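Listed below, chain by chain, are the residues.
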Amino acid sequence: MGSLSDGFGRRFHYLRLSVTEVCNFRCTYCLPDGYRKAGPQDFLSVDEAGRLVSAFADLGLKKVRLTGGEPSARKDLDAIIARVAAVPGVEKLALTTNGWNLADKAEAWRAAGLSHLNVSVDSLDPGTFERLTGHARLDQVLAGVDRALDLGFQAVKLNAVLMRDTAEGFAAFADFVRERPVAVRFIELMRTGDNAELFRAQHLSGLVLKDWLTANGWRPRERGFDDGPAIEYEHPRHAGRLGLIAPYAPGFCDSCNRLRVTARGKLRLCLFGDGGIELRDLLQSDTVRPALLARIIDSLGAKAAGHRLHENDPGATRHLAQVGG
Ligand code: SF4
């Protein structure tokens with residue numbers, strides 16, 4: 001059935017599926033006061049998630065990323081992974097986690113069919129890590145990363161939010177990837193509905209990292225067709241890579257290749273777009289698949305050229321746990 005594309009000729013092979021809004025961390029730039037229950041926790045079931053991904057696979061999907069909140073907050077995460085991994089057409093199944101229980105869970109997730117793993121680690125300094133997440137768990141999280149590396153995931157990557165509080169950490173992360181075949185990607189702090197004050201105090205342009213990388217002998221690497229938005233850099237004496245995701249950079253959205261579905265079954269055409277298109281009513285049985293496919297295809301016509309973050313407009317996104325980043 002070909003592939004999904006929008007009015008700007010962009011093709012969408014990559015779905016970010018949030019499976020919960022719940023998170024156990026209190027990251028300063030996302031949920032500084034922790035997760036607050038907002039209504040019934042009526043998140044997509046294993047069957048609904050399976051039907052959704054099957055429909056997108058019919059439309060040319062190749063890569064799925066499971067996100068949250070914190071996806072491991074779902075007791076049935078292994079079943080969701082197994083169900084999505086079994087969908088014909090899904091070539092890469094990734095998960096983004098804060099890593100709190102990764103050392104214990106990595107093996108089961110790998111066995112269930114997970115191939116790619118991203119772990120959020122904003123700093124390798126224990127004090128800064130605790131201040132940013134509300135948890136003194138850096139050692140635990142890093143033990144999980146090393147466990148995952150032993151288990152032969154196709155890729156293990158770290159996500160670090162780039163902000164004034166973490167800009168001291170470039171050299172430490174460079175050391176971290178000297179022997180480890182891991183990619184650490186710094187993501188420019190993004191403005192959301194709830195973090196205006198922190199954003200003003202902490203936002204830093206990705207150019208700061210680019211200059212540091214160039215000055216320290218790192219060279220940019222070619223981007224793959226279903227790679228996310230990161231520009232990754234290599235160094236001849238490092239097994240791993242460092243990278244940058246710069247939503248504020250000119251032309252960032254020109255190569256947008258991903259769509260999102262929230263944990264409550266809403267299609268979000270953009271991370272910083274409006275509240276989304278309801279899909280859940282069409283996830284209750286396979287008999288309505290044609291209507292589901294039609295609704296997804298029709299909705300792409302409304303996808304905007306890009307975000308409006310430069311106008312300080314984060315759309316309907318109050319914090320990233322709502323949509324899964
Ligand atoms: S901000 Fe929106 S349009 Fe831009 S890359 Fe992200 S999802 Fe795509």
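Residues numbered from 1 in each chain as written. Predicted model: local features only at pLDDT ≥ 70, side-chain atom pairs only at ≥ 80, totals over all residues. Heavy atoms only, no water.

A. Examining the overall build of the protein chain more closely. Across its full length, the protein chain carries 9 helices and 14 strands. Here the protein chain holds 325 residues, and 55% of them are scored as buried. At a minimum sequence separation of 6, the contacts of the protein chain that also span at least 24 residues come to 72%. Measuring between centres, the 43 positive side-chain charges of the protein chain sit 2 Å from its 40 negative side-chain charges. (Helix = DSSP H or I, 4+ residues; strand = E, 2+ residues; numbered from the N terminus. Buried < 20%, exposed > 50% of the residue type's maximum accessible area, 1.4 Å probe, protein only. Contact = heavy atoms within 4.5 Å. Lys, Arg positive; Asp, Glu negative; His and termini not counted. Charge placed at Lys NZ, Arg CZ, Asp CG, Glu CD.)

B. A look at the site of the ligand. Close contacts around the ligand come from F252, C253, C256, R258, R260, C270, L271, K303, G306 and H307, and that covers them all. The residue inventory of the shell around the ligand, partitioned by class, reads 5 nonpolar, 2 polar and 3 charged. (Near = heavy atom within 4 Å. Nonpolar A, V, L, I, M, F, W, Y, C, P; charged D, E, K, R; others polar.)

C. Focus on the pairing of strand β4 (residues 63–67). β4 sits mainly inside the fold: 5 of its 5 residues count as buried. Strand direction decides the pairing type here: strand β3 (residues 14–18) and β4, joined by 5 bridges, are parallel. By the bridge assignment, L15 is partnered in β4 with V64. For the segment spanning β3, helix α1 (residues 46–58) and β4, crossover handedness is right-handed. Sheet topology places β4 next to strand β5 (residues 92–97); 4 bridges connect them, and they run parallel. By the bridge assignment for β5, V64 is matched with L93. (Pairing = 2+ DSSP bridges. Right-handed = clockwise from strand over helix to strand, strands pointing away.)

D. Local environment of the side chain of H203. On the secondary structure map, H203 appears in the loop between α7 (196–202) and α8 (207–215). Within the local environment of H203, its side chain forms a polar contact with the backbone oxygen of L189, the two atoms lying 3.0 Å apart. Look past the residues within four positions of H203 in its chain and what remains in contact with it is R164, E188, L189, L198 and Y248. (Polar contact = N/O pair within 3.5 Å; in protein donor to acceptor, adjacent residues only side chain to side chain.)

E. Summary view of the nonpolar core. Counting 99 residues, the largest nonpolar core has L17, F56, L66 and V121 as the members making the most contacts within it. In terms of residue count, α1 provides more of this core than any other element does, 7 residues in total. (Core = buried A, V, L, I, M, F, W, Y, C linked by side-chain atoms within 4.5 Å.)

F. Representation of the sheet that holds strand β14 (residues 277–278) within the structure. Spatially, 12 strands are ordered β9-β10-β11-β8-β7-β6-β5-β4-β3-β12-β13-β14 in an open sheet, and the strand pairing comes out mixed. Strands at the two margins of the open sheet, each flanked by one partner only, are β9 (219–220) and β14. With respect to the sheet, α1 is in contact with β3, β4, β12 (258–261) and β13 (266–268), its orientation differing from that of β3 by roughly 165 degrees. (Axes fitted to C-alpha atoms, helices over the stretch in contact; angles between N-to-C directions.)

G. Geometry of the packing of aromatic side chains. One pass over the structure, following the stated rule, counts 5 aromatic pairs. Geometrically, the ring pair formed by F25 and F129 is edge-to-face, given 6.5 Å between the ring centres and 85 degrees between the ring planes. With F25 in the loop between β3 and α1 and F129 in helix α4 (residues 126–133), the pair connects residues that are 104 residues apart, well separated along the chain. Among the residues examined, F129 registers a relative accessible area of 2% and is labelled buried. Through a chain of ring-to-ring contacts, three or more aromatic side chains come together here, namely F170, F173, F186 and W212. (Phe/Tyr/Trp six-rings, centres within 6.5 Å; stacked < 30°, edge-to-face > 60°.)

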